[in-house]
Amino acid sequence: MTTGPSRVTSGPAKASERVEPWRVESAQVAAALETDPRAGLSATVAAQRLVEFGPNELVAKKQRPTWMLLLDQFTSPMILVLIAAAVITAVIGETKDTIVILAIVIFNGVIGFVQESRAEQAMDALMKMSSPDARVLRDGDVSLLPAALVVPGDVVLLEQGDIVTADMRLLEAPGLKINEAPLTGESEPVDKVTVALPEVGAATPADQRNMAFSGTAVTNGRALGVVVATGMSTAIGRIAELLQQGEDEATPLQKRLGQLGKWVAVAAVVICAVVFGLGVARGEPAEEMFLVAVSLAVAAIPEGLPAVVTISLALGARRMAARRALVRRLPAVETLGSVSVICTDKTGTLTENRMLVEHLWTPAGEYHIGGGGYAPEGSVEPSAEGDTLAVRAAHVAAACNDATLVPPDGGGEWAADRAGDWAITGDPTEGALLAFAAKLGVRQKEVAAYCPRVAEVSFDSERRRMTTVHERGDGALPIEEPNWVAVKGALESITPLLAGGQADVVEEARTVAERYAQGGYRVLALADAGIDTVPDEPADAEQGLSLVGIVAMADPPREAAAAAIAEARLAGITPVMITGDHRLTAVSIARRLGMLDETRESITGAELAEMDEGEFARRVAGIGVYARTNPEQKLNIIDAWRKQGAVVAMTGDGVNDAPALRKADIGVAMGITGTDVSKEAADMILQDDDFSTIVAAVEEGRRIYGNIRRFVRYLLTTNSAEIWVMVLAPFLGLPLPLIAIQILWINLVTDGAPALSLGVEPAHPRAMQQPPRDPSASILGGGLWQHAIWVGLLMAGIVLGLQAFSYHSGASEETWRTIVFTSLAFLQLSHALVVRSERESILTLGLRSNMVLLTVLVVTGVIQMALIYVPALQPIFETTALSAGELALVLLVTPVPFIAVEIEKWFRRRREARAEAVATA
């Protein structure tokens, strides 16, 4: 299904196009590239290859012109409807409405235009990662050249602190460690080798330990490597290619609003034609009917919808920022509410991104080590008191170590009982060993004082161990010799160095180590010995050792991760782990967090590469863990889920994650460990890198969609009532119920203000106990359009009944029209109060749970009263003061929609309770 890093593709050796450089010896790679490992290329050959292969640079595809991006923001159906509304209001002289509508159109267009550039920004950040210079062998001399001039076949020298300029096969790598986090997502530096790795597949660059990849950083040692790929042919170039593929797709909300816009546009035209035709047929003046019809058409258009959507999303983004989630693209806020699959990285998102020793085995016992992070505080169960081997293991861990614990205040003396946000300088594994030693009462500074280091042999990937030699202080350790040797490393590398008579101990240690490894732990053996004299070659001290213990360490799950995953699953969301780490480690963490059970499986990138698309589509829903994956495979995983109708959120922090972050419906980058490339490609950034923050954001997304749906439910119902009143009156033999300015007032104030306040409704208490919404479902589904019609008809019936009663009772035109105007406004305000929930009663929600809405309803009601009782306003709206009896009649019918909808909700709760009882029976 996928391809890996570029093969050797030099022009002079076409056969080398089939050579996978990590699989073969370095000499074979150099021969295929026709280069001398000791002298490099000649200047002439290098110049020819620069012409053939081009500069060693990432190339951005040609972008669409700025004017076209800007024009695209004004082509959606809803925006086109709003533009039409602006034109109509301008024609009928409603300048204020025109200005408001155009302001909404421009505001939405600017936001969309700004967000369109995010892919280009991600590409810019990726291009900044390239190294400006490289030390290259040319004609036997070392030259400092711009990275752009490096070509395949060049021999490049690397030292600590260098950024790798191109993909290269390593020729020499003494003590070399490279931080490949931008490419693999794993934070620990990788120990590099030079031997061939014939068993490693193309789909697993994380296992290609004899390769150095462009954009990664040398943290230790030095190296000599031959360049096998440059520019867009490198691993990072392939990522750049993937990043630029495809276009941003509309979010579920944008699709729903587009459908609504088309429906509204058609409805507005039909309403305008019907009302105009009926009025003229009854003998009404054509000019007046045109104004009324156009006013009603404008009323049918929810021009406040884009505004309330934008406001709701902005408020949601603000609330999410308070919960440590920064939103870069506003529509992403709502899309979170539709998420049905979360593809998450492991390191730092589900785990603490800190190594922790959790188990200690000695020949005398086995212990669980408690605590968290690098804090030198934690329990040892059962107590290790009396186990001298445990104490010696702690001394080895503290002495054979180059890391340093950093207390919360950043320095100074510290006590073992001081907890906090501890950090380290140095290797995470060694930091975990220091914290472990402190938990057993052994402090690094004290060991250095009474057992000073006098010699050492550094860790390297071939020896797989580190050794330090110390002058032993009096009484510090239970050995007699004046010098002490401390060794840590892989059990198999230490076993040959042990003194005789430990066969049984070694056999038991192997069994324990295998058990730990199967549990996903990283296992280190600790050994020591006493010696009389320090040899000239420190490595000669590595003999006659005693195995004092084995430690098992891991990057532990975050405290809140398991609860967050359980909450996500309760909400119908499927969590999927995609990591560059080893399978056993990934599976262990997934099981501890409840992501993996007997119904789901784990696979590696190599296994995924062997599947065809059909087989993967059949199995994707049952795969809970992907280990050792590459960037292209992450895209395949997202595509497979989306083809099954899922809305996918993807988390990541590395350059390798950027294409998937952009491809997913919601891309979530890590704020602490994330690269600039991943952040620019993402829709949202987690400031705390915590999975639980994603789940909180999903809840906020569901709240926002619920509020938008409340807005649409309210607005379409009120618009429906206005339309029914105007359309049905002529059929009932009644005169025109409302004039144009009254329609526009109701549309602007009585509809608009309460609708906007519905956008701040608190989250539904059952929001995270419901399955995700179907992304293809209409925003009018779930009974919304039926509600809009029947409640609109109910309000229209009440209003027309009042009109008929007052009209036939001999009331003046101003009086019965004022009754119609006021009753319609109050009925809509009543409906706003009850439409806050589609299920819960207002008695459950409480009046004060949305004080904004309550305030708006009171203020709007007072203003409406002012229109009929303030003399200065009466001529403008053609109203008159109502008598006490007339006003009482209006107020008497006002609660009817409230009561009717409460009854509707009662029936709905009853049906749901019956269905739930049947399901659980």
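Worth saying up front: this structure is predicted, and the values here are computed from it rather than measured. (Residues numbered from 1 in each chain as written. Predicted model: local features only at pLDDT ≥ 70, side-chain atom pairs only at ≥ 80, totals over all residues. Heavy atoms only, no water.)

Enquirer: Outline the pairing of strand E25 (residues 648-652), supporting the account with residue identities and numerical values.
Expert: Judged by how many residues are buried, E25 sits mostly within the fold: 5 of 5 residues are covered. Of the two faces of E25, the one carrying Val 648, Met 650 and Gly 652 and the one carrying Ala 649 and Thr 651 are both buried. Relative to E25, strand E11 (residues 341-344) runs parallel, the two being bridged by 3 bridges. The residue bridging Ile 342 from the neighbouring strand is Ala 649, located in E25. (Buried < 20%, exposed > 50% of the residue type's maximum accessible area, 1.4 Å probe, protein only. Helix = DSSP H or I, 4+ residues; strand = E, 2+ residues; numbered from the N terminus. Pairing = 2+ DSSP bridges.)

Enquirer: Account for the nonpolar core, naming residues and giving values.
Expert: General note: in soluble globular proteins, nonpolar side chains tend to be found buried as a group. In terms of nonpolar packing, the biggest core is built from 101 residues, with Leu 336, Val 339, Met 577, Met 684, Phe 691, Val 712 and Leu 738 touching the most fellow members. Examining the composition of this core, we find that 19 residues originate from one element, helix H25 (residues 691-731), more than from any other. Judged by nonpolar contacts, the second largest core, of 54 residues, contains Val 29, Leu 197, Leu 635 and Leu 661. (Core = buried A, V, L, I, M, F, W, Y, C linked by side-chain atoms within 4.5 Å.)

Enquirer: How would you explain the sheet that holds strand E22 (residues 574-579) if you had to name every residue and give the values?
Expert: Adjacent strands of a sheet pair through backbone hydrogen bonds, lying either parallel or antiparallel. The 8 strands lie next to each other as E10-E27-E26-E25-E11-E22-E24-E23, forming an open sheet whose pairing is mixed. Since the sheet does not close on itself, it has two edges, and those belong to strand E10 (325-327) and strand E23 (601-604), each with one partner. Sheet twist, expressed as the mean angle between neighbouring strand axes with direction ignored, is 20°. Alignment of E25 against strand E26 (residues 666-670), held across 4 bridges, turns out to be parallel. Of the residues in E26, the one forming a bridge with Met 650 is Gly 667. (Axes fitted to C-alpha atoms, helices over the stretch in contact; angles between N-to-C directions.)

Enquirer: Please provide a residue-by-residue account of the sheet that holds strand E6 (residues 190-191), values included.
Expert: Strand order in the open sheet formed by 3 strands is E6-E5-E8, and the pairing between neighbours is antiparallel. The open sheet is flanked by E6 and strand E8 (217-220), the only strands paired with a single partner. The pairing of strand E5 (residues 177-179) with E8 spans 3 bridges and is antiparallel. Bridging from a neighbouring strand, Ile 178 pairs with Val 218 of E8.

Enquirer: So what's going on with the packing of H25 against helix H27 (residues 784-808)? Residues and values would help.
Expert: The geometry of H25 relative to H27 is characterised by a closest axis approach of 7 Å and an angle of 40° between their N-to-C directions. In terms of their interaxial angle, H25 and H27 are classed as oblique. Once H25 is placed against H27, the crossing between them reads as right-handed. In contact with Arg 709, Val 712, Arg 713, Leu 716, Thr 717, Thr 718, Ser 720, Ala 721, Trp 724, Val 725, Leu 728 and Ala 729 of H25, H27 contributes Leu 784, His 787, Ala 788, Ile 789, Val 791, Gly 792, Leu 793, Met 795, Ala 796, Val 799, Leu 800 and Gln 803. Among the residues forming the contact of H25 with H27, the class breakdown is 16 nonpolar, 6 polar and 2 charged. (Parallel < 35°, antiparallel > 145°, perpendicular 65-115°, else oblique. Left-handed = near helix turned anticlockwise from the far one by under 90°. Contact = heavy atoms within 4.5 Å. Nonpolar A, V, L, I, M, F, W, Y, C, P; charged D, E, K, R; others polar.)

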